[in-house]
Structures are given as structure tokens and as C-alpha cells.
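Observations on the three-dimensional arrangement
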Amino acid sequence: MTIQVVYKNKAKSGNQDVIAVFANEKFQIKNTSDFFSKNETSSLERILKNKKNTKENIISFNINEKTTVILISLKKDLKSFDVENLGAVFYNFIKKNLFKNLSIITDSIKSKPGKDFIGRFVHGIKLKSYEFNIYKSKKTKNIITINLIGKQSSLSLKNKLKFKALEEGTFFTRDLVSEPGNILHPDEYAKRLLKLKKYGLKVTVYDKKKLKKLGLNALVGVGQGSVRGSYLVTIEWNGSKSKSKPLAFVGKGVCFDTGGISLKPARFMEDMTYDMAGSAVVVGLMKNFAIRKAKINAIGVVGLVENMPGGNAQRPGDIVKSYSGKTIEVLNTDAEGRLVLADALTFTEKKFKPQLMIDLATLTGAIIVCLGSEYAGLFSNDDKLSKQIFDAGEKVDEKVWRLPLHKNYDKLMDSKTADMQNINYVGGAGSTTAAQFLQRFIINKTSWAHLDIAGMAFSKYAGALNPGGATGYGVRLLNKFVEENYEWYRTNIINY
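What counts, and at which threshold
- In every chain, residue numbers begin from 1 and rise along the written sequence.
- In keeping with the model being predicted, local features are shown solely for residues with a pLDDT of at least 70 and side-chain atom pairs are shown and tallied solely at 80 or more, while totals for entire chains, interfaces and linings include all residues.
- Only hydrogens and water are set aside; all other atoms, that is, all heavy atoms of the structure, feed into the side-chain values.
- The helix count covers DSSP runs of H or I at least four residues long, the strand count covers runs of E at least two residues long, and both are numbered beginning at the N terminus.
- For a compact globule the rule gives 2.2 Å times the number of residues to the power 0.38, and the radius of gyration it is set against comes from C-alpha atoms.
- When a residue's accessible area, from a 1.4 Å probe over protein chains only, is under 20% of the maximum for its type it is buried; when over 50% it is exposed; and in between it is partly exposed.
- Any two residues having at least one pair of non-hydrogen atoms within 4.5 Å are treated as being in contact.
- Method for areas: the Shrake-Rupley scheme with a 1.4 Å probe, in which residue coverage is limited to the protein chains shown.
- At least two bridges found by DSSP between two strands is the condition for calling them paired.
- What pLDDT expresses is the predictor's confidence in each residue, scored from 0 to 100.
- Where helices are involved, their axes are fitted lines through C-alpha atoms of the stretch in contact, as for all axes, and angles between N-to-C directions lie from 0 to 180°.
- The labels follow the angle: roughly parallel below 35 degrees, roughly antiparallel above 145, roughly perpendicular from 65 to 115, and oblique for the rest.
- Left-handed is the label given to a crossing in which the near helix is rotated counterclockwise from the far helix by less than a right angle, and right-handed is the label when the rotation is clockwise.
- Pairs were defined over the aromatic rings of Phe, Tyr and Trp, the Trp ring being its six-membered one, requiring ring centres within 6.5 Å. Orientation was assigned from the angle between planes: stacked under 30 degrees, edge-to-face over 60, tilted for the rest.
- Should the NZ of a Lys or the CZ of an Arg lie within 6 Å of a ring centre and within 35 degrees of the ring normal, that charge is described as sitting over the ring.
- For a helix, the expected span equals 1.5 Å multiplied by the residue count minus one.
- The arc in question is the one spanned by the directions pointing from the helix axis to the C-beta atoms.
- By definition, a salt bridge exists where a carboxyl oxygen of Asp or Glu is found within 4 Å of a side-chain nitrogen of Lys or Arg.
- By the counting scheme adopted, Arg and Lys are positive, Glu and Asp are negative, and His together with the chain ends is not counted.
- In protein, a polar contact requires one atom able to donate a hydrogen and another able to accept it; more generally it is a pair of N or O atoms within 3.5 Å, and residues adjacent in sequence count only if both atoms are side-chain atoms.

Helix and strand content of the chain: 13 helices and 19 strands. Computed over C-alpha atoms, the radius of gyration of the chain comes to 25 Å, within 12% of the 23 Å expected from 2.2 N^0.38 for 496 residues, which places it in the range of a compact globule. Based on the C-alpha atoms only, the size of the chain along its principal axes is roughly 85 × 50 × 40 Å. Here the chain holds 496 residues, and 59% of them are scored as buried. Restricting to contacts in the chain with at least 6 residues of sequence separation, those with at least 24 account for 78%. When the accessible area of the chain is evaluated, it comes to approximately 22300 Å², of which 50% is carbon and sulfur surface.

Below is the structure:
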């Protein structure tokens, strides 16, 4: 569904067939004469007497033969994400009722519920309106036109750009995650990333030949059973005039995960197209930075592979030498994401010397058992960094929950024949031991956080701001994290 937003200072009399107005929790509207005639006000008051006990947030009714009124109830003390979520609820409402052209009277907002209310409200509408239907043979071009009428509808160019950047970054992430594995294999993925150069990003692709020469054998080993290539792609954004060390974001990009020789069960294996969601978040985030001209230096690094059980596939029991020089005994080829990230993390740290690194991955099923689809798992070697990420998640409603790392878990990953093994055969603490494994590849003690987003990247059901399927979780979280803590103009930014 395409949302077309038109900004108007004043409505033309008699042209508003569907009018949306904001009201308080009891569906009371102040100064109705500003928006309705005397006859319309009388009809409105009569109808609202019968609606006063409704528990719905949004209601609609006809006040005459030509005019439909939509009332949107505003609770007190709305948080930023409450406004966005309300916009998403409003989108569902107008879609269900087949409203194609409507006007929102923005000056009906009397309680001043937070800064840039209308911008966030429309942002929620747009995020909820996302659809992935490019492979449907019959397409209908559905457009909903929303006219924003009134003084409060105006947004600064800066704020328009910020919302636009977030939407485009999130939608790009969702598009990548939604693509089937036969289309978005590593070769195609790498080509799409090269197109990001038009936004001012520097994109460098390392193919399998270069990776082998550099010694990224853990990453290459995962993809060696596939006829497709394996890649490491770096995406650089230099938006700060200072020569400050960059912020680094690293993503797991397993475009399809069969489990390799340690083959997964057939049931639900089709969902393994989204095992590259961590990389998609990094890519969407970097696109967002470039569109809004973020005043930071940032690096995105993604490892792109396909884990297939081919004749040349990695076997259980193989030992590989990682880029760090540490050796890994591969006991289970389905614990492949940590092998990709191991080389990507060490490479990022060594080449770019970042001030911090955050990696994202659909890494373990254990995190879903632990946290379900409400929180991503957070692991970190830095308390301050953890708090910054946690606080950002609370503000945009993309929540994280910190779980422990401790040296006592290391013994569960120690190998008798190599420096370490890639799974914990004893059982238990699956997500923690995976994170503990990754921590071994932070060679220079760089501040680091790992986000296990296996329960958050894809949803069988609709979420607050997504219609179901790929969620784009992480783009808004990390954008907020950067805005609040690392941009030089952070005191002047919008607090959406």
C-alpha cells in the first residue's frame, strides 16, 4: 500500500468527505466550531453520547450524508513510540474501512502530546503500510492519500528527512529479508550492496579468492558447499569532519541456511531465508545514515554466505584457522553464523580500529526459548555500551535484554584438538556460549555488544509497526542509539 501525504494549511470548504480529528480519552473534542458547522456539531454530540463507553482507540461515523468523521483518542502522557503505534492502528483502521482519501485536522491536537506528534504519527502509518508483493502476478496499485491540514502539520525539512531515512532504511532491510533464497543468494546480495554507492557510501567487496588470501577461513568454510560465492562487504560512511574513530556494525549474512552436513529438519526450513537478517539491519542502518547525512563516521561489515550440504561442504570434525589465527573445531555445521561473525569481527577491529563494535545475528534458537519475540538478547563486554543500547531500545520500543558473559562459560567451548569448538556439547546456555565464542575474536578489547535477534527479525504475525514477515528490527534501535550518544548535534535532534 502506498501512502501519499499532502500538506495543506487550510481545507477547502465542502471537499472533505472523510475527516479525522484528535480527541481526548473520552472522545471529547475542544472547539468543535473550528472544524464543524453548527448542524454537524449537533450531530456529532448526539452520536458521541452513545459512544462514550467505547474501549476502542479509533471510531468513525457519518454526521451527514456526505461526511464521515474519524475520532482518534489520545491518552495522556503518550511516549514517542505510543504515537507511532497509534499511527499504525490508524492505518489498519482506514485500510479495513477502505478509506482512500482523507484529511487529518492537525489543529485538533490541543494537549501538545510530545514534540513532532504529527511526524511520528505519520511515521507509524508508513511503517505499518509496508508490503512485499513483488512476486505476485496480479498487482493492484493501492494509494491512500492523507491530507494533513492545519498549522501543526508542518515539519522542518530536517525532520522530514530523518523520518524518510528511517523508513527507507527499514524498508530496505525488510525487502532484503523477505527475498527468497534463490533470488537473494550471496552473489546477488553483493551486487545490490554495490548500488548503495549512489548514496555516498563507499562499498568494498571481498570475494572468496581475496578472503582466502587474507585468511578468513572460518567464513569461507561455511560457504564452501555452495555453488554461490562467499563475500565480506564493507560499507563506509564518513559524515563527520573530525577524524574520530568510526562506529562499527557487523552483520551475519547467511542467505540460506540448510544447516550444511548437520542438516536441519525439513519443517520450517523455508524460514531460513531470513538467516541473513543481521546483515540486512546493518545495510538498512547504513543507508539511513547516508540519506539523512548523519554527522558520524560509521562502518558496516557483512559476511555473505550460503550454507549448503554440497560435495565440498564443511564436515563435522573439520578444523579451520580463523582470521585471528585461532583454530576452531567445527563440531556442528549448523552453528555457522558464529564462524562468519568470528572472522568479520576480527577483520573489522584490525582494519578499521573502531571505537566500538555492535554485531547483529539470528544466531541461536535458544534466544527465542529464553526471550520469545519481545526482546533481543544483548551480550557485551562494556556496561556503558549496554546501557546506551538498552535505553535506546526503550525509547523506540525495540527492546533488548542483557544476558551474562563469564569466563566460566569458556570451558564449555574449549576443544581437545583445537583452540575452541563451535558448539557446547554439554548442553544449556546456548545463546551465552555462542556470545562467549564471539568474544574470543575481539582481540584488542574493543567495546563490543552482540545482539541475538533470532526472535525479532521475522514474525509470523503482525507486530505493532509491521504487517507480519520481516520486521526490520534493529534499524530504528541503532539509529536512536547513535543519535543520542554519538552525533555532535545530539542536543538539537528530535526526540521521536
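The mixed open sheet is built from three strands, whose spatial order is E11-E12-E16. With partners counted over all chains shown, the strands left at the sheet margins are strand E11 (318-321) and strand E16 (420-421), one partner each. Bridge count for E11 against strand E12 (residues 327-330) is four bridges, and the pairing is antiparallel. Bridge pairing links aspartate 318 to valine 330 in E12.

This part is about the confidence of the model for the chain. Mean pLDDT over the chain: 92, with 94% of residues reaching 70 or higher. With pLDDT under 50 throughout, residues 489-496 is counted as low confidence; its partners more than four residues away or in other chains account for 30 contacts.

On the basis of which strands lie adjacent, the open sheet formed by eight strands has the order E7-E8-E10-E9-E13-E17-E14-E15 and mixed pairing. The open sheet has two edge strands with one neighbour each: strand E7 (202-206) and strand E15 (400-402). Averaged over all neighbouring strand pairs, the angle between strand axes comes to 20°, with direction disregarded. Relative to strand E8 (residues 231-238), E7 runs antiparallel, the two sharing five bridges. Counterpart to threonine 204 in the pairing with E8 is threonine 234. The strands that helix H8 (residues 277-291) touches are E8, strand E9 (247-257), strand E10 (297-307) and strand E13 (356-361); relative to E9, the one it contacts most, it runs at about 135°.

In this section: helix H13 (residues 475-485). Counted residue by residue, H13 has nine buried out of 11 residues, so it is predominantly covered. Of all the positions in H13, only Val475, Arg476, Leu477, Leu478, Asn479, Lys480, Phe481, Val482 and Glu483 are classed as buried.

For any two helices packed against each other, the geometry is given by the interaxial angle and the distance between the axes. Where helix H3 (residues 117-128) meets helix H4 (residues 157-178), the closest approach of the two axes is 11 Å, and the angle between their N-to-C directions is 15°. It follows that H3 is roughly parallel to H4 by the angle criterion. Helix-helix and strand crossings are classified by hand; for H3 and H4 the assignment is right-handed. Residue-level inspection shows Gly119, Arg120, His123, Lys126 and Leu127 of H3 in contact with H4, the latter providing Phe163, Leu166, Glu167, Thr170, Phe171 and Arg174.

Bringing the packing of aromatic side chains into the picture now. Applying the stated criterion to the full structure yields 15 aromatic pairs. Judged by centre distance (6.4 Å) and plane angle (65°), the ring pair of phenylalanine 390 and tryptophan 401 falls under edge-to-face. Within this pair, whereas phenylalanine 390 is found in helix H11 (residues 383-396), its partner tryptophan 401 is found in strand E15, the two being separated by 11 residues in sequence. What makes phenylalanine 390 partly exposed here is its relative accessible area of 29%. Ring centres of phenylalanine 481 and tyrosine 486 lie 5.3 Å apart, and the angle between their planes is 55°; this geometry places the pair in the tilted category. Here phenylalanine 481 falls in the buried class, since its relative accessible area comes to 0%. An aromatic cluster is built from Phe22, Phe90, Phe117 and Phe121, whose rings are joined through pairwise contacts. Lying across the ring of tyrosine 7, lysine 160 places its NZ or CZ 4.3 Å from the centre.

Turn by turn, an α-helix covers 3.6 residues, leaving residues three or four places apart pointing in a common direction. For helix H1 (residues 38-49), spanning 12 residues, the distance from its first C-alpha to its last is 17 Å, which sits close to the expected 16 Å at 1.5 Å a residue. Of the positions making up H1, those classed as buried are Glu40, Thr41, Ser43, Leu44, Ile47 and Leu48. For H1, the angular spread of the buried residues around the axis is 160°, confining them to a single face. Exposed and facing more than 90 degrees away from the buried side of H1 are Lys38, Asn39, Arg46 and Lys49.

In terms of burial, strand E5 (residues 101-105) is a largely internal element, four of the five residues being buried. Both strand E2 (residues 18-23) and E5 contribute to a ladder of three bridges, which runs parallel. Within E5, the residue paired with isoleucine 19 across the bridge is serine 103. Two elements, E5 and strand E6 (residues 143-149), share five bridges in a ladder whose sense is parallel. The partner of serine 103 across the bridge, within E6, is asparagine 147.

Take the pattern of salt bridges next. Counted under the stated rule, the structure contains 23 salt bridges. Its salt-bridge partner being aspartate 257, residue lysine 264 comes within 3.5 Å of it at the nearest N-O pair. Like lysine 264, the residue aspartate 257 is buried in the burial classification. The closest approach of N and O atoms between arginine 315 and aspartate 318, which form a salt bridge, is 3.2 Å. The class for arginine 315 is partly exposed, based on a relative accessible area of 48%. Through salt bridges with shared partners, one network takes in Glu84, Glu398 and Arg476.

Next up on the list: the side chain of aspartate 452. Among the secondary structure elements, aspartate 452 is positioned in strand E17 (residues 447-452). In this structure, aspartate 452 is buried with no salt-bridge partner, the nearest side chain bearing the opposite charge being arginine 338 at 7.4 Å. Within the structure, the side chain of aspartate 452 is placed 3.3 Å from the backbone nitrogen of alanine 454, a separation counted as a polar contact. In this structure, aspartate 452 is in contact with Ala361, Thr362, Leu363, Thr364, Ile367, Ala376, Gly377 and Ser431, ignoring residues within four places of it in sequence.

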